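Listed below are the residues making up each chain.
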Amino acid sequence: MMPDALNIQDIVEVTYEKFSHVHDGEVATYIPELGKVDPNDFAICVAAVDGQVFSAGDWNKEFTIQSVCKPFAYQMALEELGRDRTLLHVGVEPSGEAFNSIELDPLTKRPFNPMVNAGAIAVASLIKKDSKVAGARAFVERMQLAAGRNLKIDASVLASESSSGNRNRAIAYLMLNFGIIDEDVSHTLHQYFSQCSLLVNCRDLALMAATLANMGTNPVTREPVFDFQYIKDVLAVMFTCGLYDHAGEWAYRVGLPAKSGVGGGLLAVVNRQLGIAVYSPRLDAKGNSVRGILVCKELANRLGLHAFEFTNVGSSFVQAMM
Ligand code: GLN
């Protein structure tokens, strides 16, 4: 049985209804500005590699991307420095620890992976440009291509991240101590905080995920965005580390490369098929969107999307739609 396009829109709407009354979890407040969002916001968006987009709820409501920036910054580092040089600064091992853990690999002194803050700060240090403005702009420009529209940084969230970011500062100085990042710590942190403060909506995240699924080409604009030789590196790390200390459970139950952020965004990639995004800012204790996890589980089950699904409906239904 192949779900057709109409079915996907129906399934997205039914899933939205099913979880619209779930109000578990709390919005993030450790970055004061994030505490101001409406906790009831909820959107689901699915973008197929043939350019069709299915959505329900507040799909055009903007929020900050937060940690969902991490796979894309990692992709940029791989493109700029190549695999070997990037691996000198950040590993690919799940940490089993919280996203903001102040911890490096005891042997190599590298951060465990680019999906936790330490790894993302190391990546930010690699992709920052000569000036703070140029580094942030290069990131925004790339994300605009992936989203297919103009994007901007939320100046208030950026200021709030920066003034409350002492834990990230501690992580950065620990890495400076071990020679993982260079001396320009404030420049590196500005790059990282700017990336996290990018304003996106749920549709943008779905298109960014679909761009990864579509071998680096935005499926709506048809613009090439990412060098596809590195996308498998990024998806592999998302699969094993994208949801921090929930990553094993996620791989078991959902089985898709994914990334969450404390702004309430979550995206998942069905390779060569779909980008899935959810926005719902109430988070669980591990900093992942409660409804984001529920929705992805539901869609993965209903559409047969788990990477190791035997019936494997998900691997062929988009072709069937085209
Ligand atoms: N900007 C946030 C931080 O560094 C991102 C964390 C997240 O989304 N998990 O703490």
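Residues numbered from 1 in each chain as written. Predicted model: local features only at pLDDT ≥ 70, side-chain atom pairs only at ≥ 80, totals over all residues. Heavy atoms only, no water.

K.L.:
Give me the nonpolar core: which residues, what numbers.
P.N.:
Within soluble globular proteins, side chains that are nonpolar generally end up buried alongside one another. If you look at the biggest cluster of nonpolar residues, it comprises 67 residues, and the most contacted ones within it are Ile65, Phe72, Met175, Leu205 and Met208. No other element matches the 9 residues that helix 8 (residues 202–213) contributes to this core. Beyond its immediate chain neighbours, meaning those up to four positions away, Met175 contacts Leu104, Pro111, Ala118, Ile121, Ala122, Ile180 and Ile181. Grouped together as the second largest cluster of nonpolar side chains are 31 residues, Ile8, Val46, Val270 and Leu274 included. (Core = buried A, V, L, I, M, F, W, Y, C linked by side-chain atoms within 4.5 Å. Buried < 20%, exposed > 50% of the residue type's maximum accessible area, 1.4 Å probe, protein only. Helix = DSSP H or I, 4+ residues; strand = E, 2+ residues; numbered from the N terminus. Contact = heavy atoms within 4.5 Å.)

K.L.:
Which residues make up the site of the ligand, and what are the values?
P.N.:
What surrounds the ligand is a group of 13 residues, the closest being Tyr30, Gln66, Ser67, Tyr192 and Val262. Tyr30 is positioned such that a nitrogen or oxygen atom in its side chain is 2.7 Å from an oxygen atom of the ligand. Here an oxygen atom of the ligand and a side-chain polar atom of Ser67 are 2.7 Å apart. (Near = heavy atom within 4 Å. Polar contact = N/O pair within 3.5 Å; in protein donor to acceptor, adjacent residues only side chain to side chain.)

K.L.:
With reference to specific residues and values, describe helix 2 (residues 70–87).
P.N.:
Given a rise of 1.5 Å per residue, 18 residues ought to cover 26 Å, yet the end C-alpha atoms of helix 2 are separated by just 15 Å, more than 12% below that figure. Of all the bends in helix 2, the greatest measures close to 110° and is centred on Leu81. Among the residues of helix 2, Lys70, Pro71, Phe72, Ala73, Tyr74, Gln75, Met76, Ala77, Leu78, Leu81, Gly82 and Thr86 are the ones counted as buried. (Expected span 1.5 Å × (residues − 1). Bend = angle between axes of the 7 residues up to and from the residue.)

K.L.:
Could you give an account of the pairing of strand 1 (residues 43–48), naming the residues involved and the relevant values?
P.N.:
Burial within strand 1 is extensive, with 6 of its 6 residues counted as buried. Alternating positions in strand 1 separate into two faces, Ala43, Cys45 and Ala47 on one and Ile44, Val46 and Ala48 on the other, with burial throughout. Counting the residues that bridge the hairpin from strand 1 to strand 2 (residues 53–57) gives 4 residues, and of these Gly51 lies at a positive phi of roughly 95°. Pairing geometry for strand 1 and strand 7 (residues 274–279), over 6 bridges, is antiparallel. Looking at the pairing, Cys45 lines up with Ala277 of strand 7. (Pairing = 2+ DSSP bridges.)

K.L.:
So what's going on with the sheet that holds strand 2? Residues and values would help.
P.N.:
Sheet strands pair by backbone hydrogen bonding; their relative direction is either parallel or antiparallel. Taken in spatial order, the 5 strands line up as 2-1-7-6-5 in an open sheet, and their pairing is antiparallel. Bordering the open sheet on either side are strand 2 and strand 5 (258–260), each of which pairs with just one other strand. On average, adjacent strands in this sheet sit at an angle of 10° to one another, irrespective of strand direction. By the bridge criterion, 6 bridges tie strand 6 (residues 265–270) to strand 7 in an arrangement that is antiparallel. What sits directly across from Leu266, in strand 7, is Val278. In the packing of helix 8 onto the sheet, contacts are made with strand 1, strand 2, strand 6 and strand 7, and the angle to strand 7 comes to roughly 155°. (Axes fitted to C-alpha atoms, helices over the stretch in contact; angles between N-to-C directions.)

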